[in-house]
There are 2 protein chains.
Amino acid sequence: MNSIKLGFVGLGTMGAPMARHLVRAGHHVTVWNRSPEKSAPFLAEGILVAPSLPVLAGEVDICFLCVNRSEDVVECIEAMAPHAAPGTLFVDHSTIAPGIARKIQQDLFAEGHSFLDAPITGGSMGAQSGTLTIFCGGAIADYERALPFLKAYAKRAERVGGSGTGQMMKLANQIAVGGALQALCESLAFAKKAGLDVAQARELLAGGAAGSWAFDHYGPKILSEDWTPGFSIKNQRKDFSYCIEEAEAIDAAIPGTIVVDTLLEQLEEEGQGELASCLLYELLARVEKPYDESGDE
Amino acid sequence: MNSIKLGFVGLGTMGAPMARHLVRAGHHVTVWNRSPEKSAPFLAEGILVAPSLPVLAGEVDICFLCVNRSEDVVECIEAMAPHAAPGTLFVDHSTIAPGIARKIQQDLFAEGHSFLDAPITGGSMGAQSGTLTIFCGGAIADYERALPFLKAYAKRAERVGGSGTGQMMKLANQIAVGGALQALCESLAFAKKAGLDVAQARELLAGGAAGSWAFDHYGPKILSEDWTPGFSIKNQRKDFSYCIEEAEAIDAAIPGTIVVDTLLEQLEEEGQGELASCLLYELLARVEKPYDESGDE
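Residues numbered from 1 in each chain as written. Chains lettered and ligands numbered in written order. Predicted model: local features only at pLDDT ≥ 70, side-chain atom pairs only at ≥ 80, totals over all residues. Heavy atoms only, no water.

**Quick notes on the relation of the copies chain B and chain A**
For clarity, the threshold we go by: Superposition of the copies used a least-squares fit over C-alpha atoms from residues whose pLDDT is at least 70 in both. Only heavy atoms enter the contact rule, under which two residues are in contact if any of them lie within 4.5 Å.
Under the fitted operation, chain B is carried onto chain A by 0.0 Å of movement along the axis and a turn of 180°, and the coordinates agree to an RMSD of 0.0 Å. Here the two chains are linked by the operation of a two-fold rotation axis. For chain B, the residue whose C-alpha comes nearest the rotation axis is B:S212, separated from it by 1.9 Å. A symmetric contact is evident, with 100% of the interface residues of chain B recurring at the interface of chain A.

So, in structure tokens, the structure goes:
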């Protein structure tokens with residue numbers, strides 16, 4: 001048992017298995033979740049559950065967060081910071097705006113605490129198997145302080161630079177994830193409209209120069225019409241909103257990402273935002289062409 | 001030595017190593033190339049070189065072609081068919097329009113010959129190592145007649161349906177290849193503009209949900225600024241022209257492909273059409289934003 005006391009905030013699809021990995025690795029862990037239903041199983045498993053964020057803050061040396069939007073992270077940190085012992089390290093696994101991450105780090109530093117932005121990739125499968133990749137932004141000392149614990153659920157946890165750079169790397173990752181999704185869905189929808197065997201297309205294309213993680217993992221989901229997330233349309237669009245905002249700020253061109261976001265927006269407007277992002281295939285494979293790429297012509 | 005006599009037309013980046021694989025497998029092979037410079041090394045290696053397409057046609061039972069555009073294939077076939085023995089099988093490895101492939105098949109059938117559309121994927125590396133994937137469209141008997149020879153340079157050679165379907169599958173493949181290229185270049189260019197270490201980004205992203213053949217094979221080329229093709233911008237745009245034409249015909253939406261084609265068009269207009277398609281990264285990473293994704297706003 002490690003003498004350092006850990007907190008974990010946010011027991012969702014990603015956070016719950018991550019918190020359990022910390023417990024299984026023998027660490028002292030106290031958890032908290034906004035809706036108590038998600039804490040209940042932890043209590044039943046013999047894991048400490050805090051009654052509130054201020055109480056949790058007073059109990060821990062390092063607190064991990066895995067919530068959703070920028071404002072959720074800000075809200076949790078603001079509730080905890082005044083009640084935390086000096087030098088508490090907050091490690092945020094949520095995907096949020098890089099600028100907000102930098103602001104949180106500055107505010108916490110001014111209050112005598114530390115902060116690491118540490119967004120994750122690898123999906124719910126990666127969280128469950130403990131094979132996530134983590135992009136860490138912040139001071140080297142804070143990264144080194146967090147690393148032994150991150151290893152409980154990560155196959156890789158690399159520092160990529162100062163505060164906010166973890167989020168920047170995550171946005172670069174989401175741009176590539178979105179493009180890979182588009183490549184998969186657009187090619188399989190083309191194959192379907194061409195009258196080809198879509199399962200054969202998935203399998204043949206996956207083995208060559210078109211191959212990708214998306215072909216291997218989302219391809220079979222598409223073939224079995226399994227639209228349970230995984231990664232929901234709503235959450236992918238949340239990440240894209242940060243990509244688009246940040247691309248504007250740094251003068252980066254992300255026309256492919258804009259296309260995927262526009263298509264996913266259409267699915268969200270149809271009320272399908274809670275379904276898996278690979279539902280994009282279904283949109284592209286509909287009989288009517290869903291997207292006019294020729295503009296005003 | 002097999003008693004079936006083979007011909008091979010088109011000794012370019014792909015065709016030359018493929019023809020050599022047939023020779024090495026012990027088959028009787030006669031080659032021909034439009035520009036004689038590319039035939040000369042074959043002659044020096046002790047391989048039969050035909051002086052013209054009509055002469056080649058009279059010498060072979062099965063003739064493989066690996067040239068470029070639809071019109072090149074039509075021209076070669078028209079030069080050979082009248083001089084070929086009845087029942088000659090033509091196997092075309094070029095990427096051409098599916099409708100043209102069907103037309104060639106019908107015309108050859110009417111003249112007592114056979115035709116298989118058999119476009120390839122796996123790049124120059126795949127041709128050299130003999131690990132191409134081949135998408136075959138045509139009659140089952142013709143596929144079975146060609147298969148033992150295709151194995152000389154293919155790790156997989158699957159029949160995907162009747163005449164023209166090999167080309168359709170290749171176009172689906174090119175749509176996915178284009179999307180994967182966009183995902184790679186757009187995310188790495190974003191990482192560069194964000195001030196991240198691009199080599200670290202390439203390596204970290206390749207290992208997670210953003211991973212792809214493109215990240216593994218084009219990523220290192222981008223980092224070393226090696227723009228030698230591989231797969232040239234001009235040839236990728238040639239394939240996209242068939243994708244766009246065919247998508248229109250079958251009412252398929254390929255907005256991601258349109259984005260990649262528009263960007264590659266810009267590079268071609270700059271006179272860089274002979275360079276590798278992953279030069280797309282360089283375009284996206286330029287200081288000025290090269291592409292206005294907001295339309296008229």
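After that view, the rundown keeps rolling.
**Brief notes about a negative patch on the surface**
Quick note on the threshold: Residues with no salt bridge and a relative accessible area higher than 30% make up the patches, which join like charges within 9 Å and nonpolar side chains (Val, Leu, Ile, Met, Phe, Trp, Tyr) within 5 Å. All accessible areas in this document rest on Shrake-Rupley with a 1.4 Å probe, and a residue is counted as covered only by the protein chains that are shown. Any carboxyl oxygen of Asp or Glu within 4 Å of a side-chain nitrogen of Lys or Arg constitutes a salt bridge here. For this count, His and the chain ends are skipped, Lys and Arg are scored as positive, and Asp and Glu as negative. Just so you know, the charge point we use is NZ for Lys, CZ for Arg, CG for Asp and CD for Glu. Helix and strand definitions follow DSSP, with helices as H or I runs of at least four residues and strands as E runs of at least two, each counted in order from the N terminus.
On the surface, a cluster of negative charge is contributed by A:E71, A:E75, A:E78 and A:E111. The residue A:E78 is located in helix α4 (residues 70-80) in this model.

**Digging into the environment of B:W32**
Residues and elements named next belong to chain B. Just so we agree on the cut-off: For the exposure calls, accessible area comes from a 1.4 Å probe over protein chains only, and a residue counts as buried if that area is under 20% of its type's maximum, exposed if over 50%, partly exposed in between.
Along the polypeptide, W32 turns up in strand β2 (residues 28-32). Residue class for W32 comes out buried when judged on its relative accessible area of 14%. Ignoring sequence-local partners within four residues, the contact set of W32 consists of F8, V9, G10, L11, S39, A50, P51, S52, L53 and L56.

**Comments concerning the domain arrangement of chain A**
Residues and elements named next belong to chain A. Under the convention used in this document: Domains are outlined according to an automatic or database domain assignment. By buried area we mean the combined loss of accessible area, with a 1.4 Å probe, across both parts when two parts are placed together. What qualifies as a polar contact is a pair of N or O atoms within 3.5 Å, subject to a donor-acceptor requirement within protein and to the restriction that residues adjacent in sequence count only when both atoms come from side chains. Polarity classes work like this: nonpolar for Ala, Val, Leu, Ile, Met, Phe, Trp, Tyr, Cys and Pro, charged for Asp, Glu, Lys and Arg, and polar for all others, with Gly in that last group.
The domains assigned to chain A are domain 1 (5-162) and domain 2 (168-285). For domain 1 and domain 2, the distance between their C-alpha centres works out to 28 Å. Each side of the interface is counted separately: domain 1 has 14 residues, and domain 2 has 14 residues. Of all residues in domain 1, the largest losses of buried area upon contact with domain 2 belong to T95, P98 and F135, amounting jointly to 38% of the total for that side. Across the domain 1-domain 2 interface, the total number found is zero salt bridges. Taken together, domain 1 and domain 2 are joined by six residue pairs in polar contact (both at pLDDT 80 or more). Of all the elements in the fold, those that place two or more residues in the side of domain 1 that touches domain 2 are β7 (120-121) and α6 (123-129). Looking at side-chain class alone, the side of domain 1 that touches domain 2 contains eight nonpolar, five polar and one charged residues.

**Some points on the interface of chain B and chain A**
The interface of chain B with chain A comprises 65 residues on the first partner and 65 residues on the second. Approximately 5400 Å² of surface area, both sides summed, lies buried where chain B meets chain A, with 66% of it carried by carbon and sulfur atoms. Contact with chain A buries area across many residues of chain B, yet B:F190, B:L204 and B:A209 alone supply 14% of it, more than any other trio. For the interface between chain B and chain A, the tally reads four salt bridges. Between the two partners, chain B and chain A, sit 16 residue pairs in polar contact (both at pLDDT 80 or more). Breaking the side of chain B that touches chain A down by element, the ones donating at least two residues are β8 (132-137), β9 (154-161), α8 (165-193), α9 (198-206), α10 (213-223), α11 (233-250) and α12 (255-269) of chain B. Examining the composition of the side of chain B that touches chain A, we find that 18 residues originate from one element, α8(B), more than from any other. A per-class count over the side of chain B that touches chain A returns 36 nonpolar, 14 polar and 15 charged.

**Some remarks on the environment of A:T88**
Residues and elements named next belong to chain A. One can find T88 in the loop between α4 and β5 (89-92). Taking C-alpha positions, T88 is 17 Å from G137, a pair spaced 49 residues apart along the chain. For T88, the contacting residues outside a window of four places in its chain are V60, D61, H113, S114 and R145. Polar side-chain contacts of T88 include one of 2.6 Å to the backbone oxygen of A85.

**Describing the packing of α4(A) against helix α5 (residues 98-110) of chain A**
Residues and elements named next belong to chain A. Defined as follows: Angles shown run from 0 to 180 degrees and are taken between the N-to-C directions of axes, each axis being a line fitted to C-alpha atoms and, for helices, limited to the stretch in contact. If an angle is under 35 degrees, it is roughly parallel; if it is over 145, roughly antiparallel; if it lies from 65 to 115, roughly perpendicular; otherwise it is oblique.
Relative orientation of the contacting elements α4 and α5 amounts to 10°, with a least axis distance of 10 Å. With respect to each other, α4 and α5 are oriented roughly parallel. On α5, the residues touching S70, V73, V74 and I77 of α4 are I100, I104 and L108.

**Considering the side chain of A:S187**
Structurally, A:S187 can be placed in helix α8 (residues 165-193). Dropping the residues within four chain positions of it, A:S187 is found in contact with A:Q182, A:L205, A:F215, B:A172, B:I175 and B:A176.

**Re helix α9 (residues 198-206) of chain A**
Count 3.6 residues to each turn of an α-helix, and residues three or four apart come out pointing the same way. Within α9(A), seven of the nine residues are buried, which leaves the element mostly enclosed by the surrounding structure. Within α9(A), the full set of buried residues consists of A:V198, A:Q200, A:A201, A:R202, A:L204, A:L205 and A:A206. Where α9(A) is buried, its residues touch α8, α10 (213-223) and α13 (280-285) of chain A together with β8, β9 and α8 of chain B. The N-cap residue of α9(A) is A:D197: its side-chain oxygen and the backbone nitrogen of A:A199 are 3.0 Å apart.

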